[in-house]
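# Examining the three-dimensional arrangement
Residues per chain are reported as follows:
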Amino acid sequence: LELPNEVLIASMQDHQKYFPVKDAEEQLMPHFITVANIQSSAPEEISKGNERVIFPRLSDAAFFWQRDIAQPLSDHQAGLKNIVYQKQLGSLHDKSSRVAELASYLAGQLSIDEEAIRRAALLAKCDLSSAMVGEFPELQGVMGRYYALQSGEAAEVALALDEQYMPRFAGDALPTAKLGQALAVAEKLDSLVGIFSIGQVPSGDKDPFGLRRAAIGCLRIIIECELDIDLRICLQTSVAQFDSAISADDVTDAVFDFIMQRLRRYNADIDISNDIFESVLALSPTNLLDFQHRVQAVNKFNGLAEAESLAAANKRIQNILKQNKSEKIADIDATLLNEPTEKLLASALTEIEKSVQPLLVKHDYAGTLTKLAALRDPIDNFFDEVMVMCDDEALKLNRLALLNQINTLFLSSADISKLQAQQD
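The paragraphs below set out a description of the structure included in this document. (Residues numbered from 1 in each chain as written. Predicted model: local features only at pLDDT ≥ 70, side-chain atom pairs only at ≥ 80, totals over all residues. Heavy atoms only, no water.)

### As for the overall build of the chain
Let me state the cut-off plainly: Strands are runs of DSSP state E lasting at least two residues, helices are runs of H or I lasting at least four, and both sets are numbered from the N terminus onward. Here the globule rule is a power law, 2.2 Å times the number of residues to the power 0.38, and the radius of gyration is based on C-alpha atoms. Partly exposed residues are those whose accessible area sits between 20% and 50% of the maximum for their type, while under 20% is buried and over 50% is exposed, using a 1.4 Å probe and protein chains only. Here a residue-residue contact requires only that any non-hydrogen atoms of the pair lie within 4.5 Å. Here the Shrake-Rupley method, with its probe set to 1.4 Å, supplies the accessible areas, and only the displayed protein chains count as covering residues.
Broken down by element type, the chain carries 18 helices and four strands. Against the compact-globule benchmark of 22 Å for 424 residues, the chain has a radius of gyration of 29 Å, which places it well outside the compact range. By its C-alpha atoms, the chain is 100 × 55 × 40 Å across when sized along the principal axes. Classification of the 424 residues of the chain by burial places 48% in the buried group. Sequence-distant contacts, at least 24 apart, represent 67% of the contacts inside the chain between residues at least 6 apart. Counting only carbon and sulfur atoms, one obtains 49% of the accessible surface of the chain, whose full area is about 21,000 Å².

### Some remarks on a positive patch on the surface
Put simply, the rule reads: The patches described consist of residues with a relative accessible area above 30% and no salt bridge, like charges being joined within 9 Å and nonpolar side chains (Val, Leu, Ile, Met, Phe, Trp, Tyr) within 5 Å. We define a salt bridge as a side-chain nitrogen of Lys or Arg found within 4 Å of a carboxyl oxygen belonging to Asp or Glu. We treat Lys and Arg as the positive residues and Asp and Glu as the negative residues; His and chain ends play no part in the count. Charge placement uses NZ in Lys and CZ in Arg. For Asp and Glu, CG and CD serve respectively.
A contiguous patch of positive charge, built from K315, K322, K325 and K418, is present on the exposed surface. For K325, the position within the fold is in the loop between α14 (307-323) and α15 (340-361).

### Considering the nonpolar core
Short version of the rule: Grouping buried Ala, Val, Leu, Ile, Met, Phe, Trp, Tyr and Cys residues that are joined through side-chain atoms within 4.5 Å yields what is termed a nonpolar core.
Counting residues in hydrophobic clusters, the biggest one holds 124 residues, and the most contacted among them are L189 and L192. Those residues within four positions of L189 in sequence are excluded, and the remaining contacts are L102, C218, L231, C234, L235, S238 and I259.

### Some details on α14
For clarity, the threshold we go by: How far a helix is expected to stretch is found by multiplying one less than its residue total by 1.5 Å.
Across its 17 residues, α14 extends 24 Å between first and last C-alpha, which sits within 8% of the 24 Å expected from 1.5 Å per residue. Of all the positions in α14, only A307, L310, A311, A313, N314, I317, Q318, I320 and L321 are classed as buried. The inward-facing, buried residues of α14 contact α13 (288-301), α16 (365-372), α17 (376-385) and α18 (393-411).

### Focus: the packing of helix α3 (residues 92-110) against helix α4 (residues 114-123)
Heads up, the rule is: Note on method: axes are straight lines fitted to C-alpha atoms, helices fitted across the in-contact stretch only, with angles between N-to-C directions ranging 0 to 180 degrees. Each angle is binned into one of four classes, with values under 35 degrees roughly parallel, values over 145 roughly antiparallel, values of 65 to 115 roughly perpendicular, and all other values oblique. Here is the rule for handedness: rotate from the far helix to the near one, and if that takes an anticlockwise turn smaller than a right angle the crossing is left-handed, while a clockwise turn gives right-handed.
It is at 8 Å that the axes of α3 and α4 come closest, and there the two elements cross at 155°. One element, α3, and the other, α4, form an angle in the roughly antiparallel class. Pair α3 / α4 crosses with right-handed handedness. Judged by residue contacts, S96, S97, V99, A100, E101, A103, S104 and A107 of α3 engage E114, I117, R118, A121 and L122 from α4.

### Section: unusual backbone geometry
In this model, M166 is joined to P167 through a cis peptide bond whose omega is -10°. With respect to the helices, strands and loops of the structure, P167 is situated in the loop between α7 (155-163) and α8 (178-197). For S111, which is not glycine, the phi dihedral falls at a positive 55°. Looking at where S111 falls in the secondary structure, it is placed in the loop between α3 and α4.

### Brief notes about a negative patch on the surface
There is a patch of like negative charges on the surface, built from D113, E114, E115 and E156. Of note, D113 is situated in the loop between α3 and α4.

### Quick look at the packing of helix α9 (residues 211-224) against α13
Any two packed helices are characterised by how steeply their axes cross, that is the angle between the axes, and by the distance between the axes. For clarity, the cut-off: Three classes are used, and their members are as follows: Ala, Val, Leu, Ile, Met, Phe, Trp, Tyr, Cys and Pro are nonpolar, Asp, Glu, Lys and Arg are charged, and the others, Gly among them, are polar.
Interhelical geometry of α9 versus α13 gives an angle of 70° and a closest axis separation of 8 Å. For the element pair α9 / α13, the angle class is roughly perpendicular. Here α9 contributes L219, I222 and I223 to the contact with α13, which in turn contributes L288, L289 and Q292. Its residues assigned to classes, the contact of α9 with α13 comprises five nonpolar, one polar and no charged.

### So, α8
For α8, with 20 residues, the first-to-last C-alpha span of 28 Å sits near the 28 Å given by 1.5 Å per residue. The buried fraction of α8 amounts to 19 of the 20 residues, a majority that puts the element mostly inside the structure. Just beyond α8, the residue with positive phi is G199, at close to 80°.

So this is what it looks like as structure tokens:
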């Protein structure tokens, strides 16, 4: 019981299929449960037999532990040069160095101690050369945390070594600390960029490097842990760490699109319709947290009574502007507003613009779209009573300017023309 619980549990579960036993305080007890498929007249002999089998397993684990903690975790760094990560991408030492550079960039973006995250990144793979992880590969990261603490590393650095692999599977917990979150994102992006750069893109059911899981884990951390970072810049920073000979020019776009497809699935799983996703994707946001804020805002807006009419009006506005894209559209000239409904629309637009600007500064897209919903009647009345493409060139251009300003204001949140009519 002096060994880490995870080691004892792995020995019992992986080797012997035993059930570990914990007390009411969740502390591991010196007992296990096993199942026999025979009716024995001497069940105590079955117990003794199973104890006899598990004892050398636990003794081996104790030996591995004592052997590993005999030297500091950092002593394994040099040995990582001899462990191949991927033939074309170098060793685990190379990967650690790349991750450290990307993690340093993230530290600046997220106000994290740069020295601490670089230390964590350089130690991140050291436990892979330990005897314990050699016997129990599933304990990678977990043992890194224990060995880091044994070596006197800072607690936050030790925790990050474990959290770098989170989430390990669908629905798994996410890193709890900013250091671990940033390291996990850097580690996953390095894997994605590296494997994509050598053309090993997942296809069909084949994904030997677990890139789909890495992409989903990365976007989950960014969104659910609220990391305010630009994904495209992160990818570009990652690409810059690789040998230029293997870094394809379009790898940033390829990985970005790959992650965005996972984001589409992520939103579908939380019942966000595809047209809502498309309304935000049309703006090409590269900050996933900001992207998701917009998605949630459009989802809320889509439930308003005004949504369907405004979506149709925005589609009409965009079609008119596309047909006249060669026109030189200037600002609105108030002196050329001669119809009552266009005057009312221009006035309403001016007032709403003033009220939404502070909301946009705070990225309050839900509040912005709610305020923009008030334009439904003025826009509908405008189209009912005003001829945009009139013969008077000055009036026509002024009305196009009015529509262009409306379109620009809506596009500050999303392209709601992508929204589909609600079915009864």
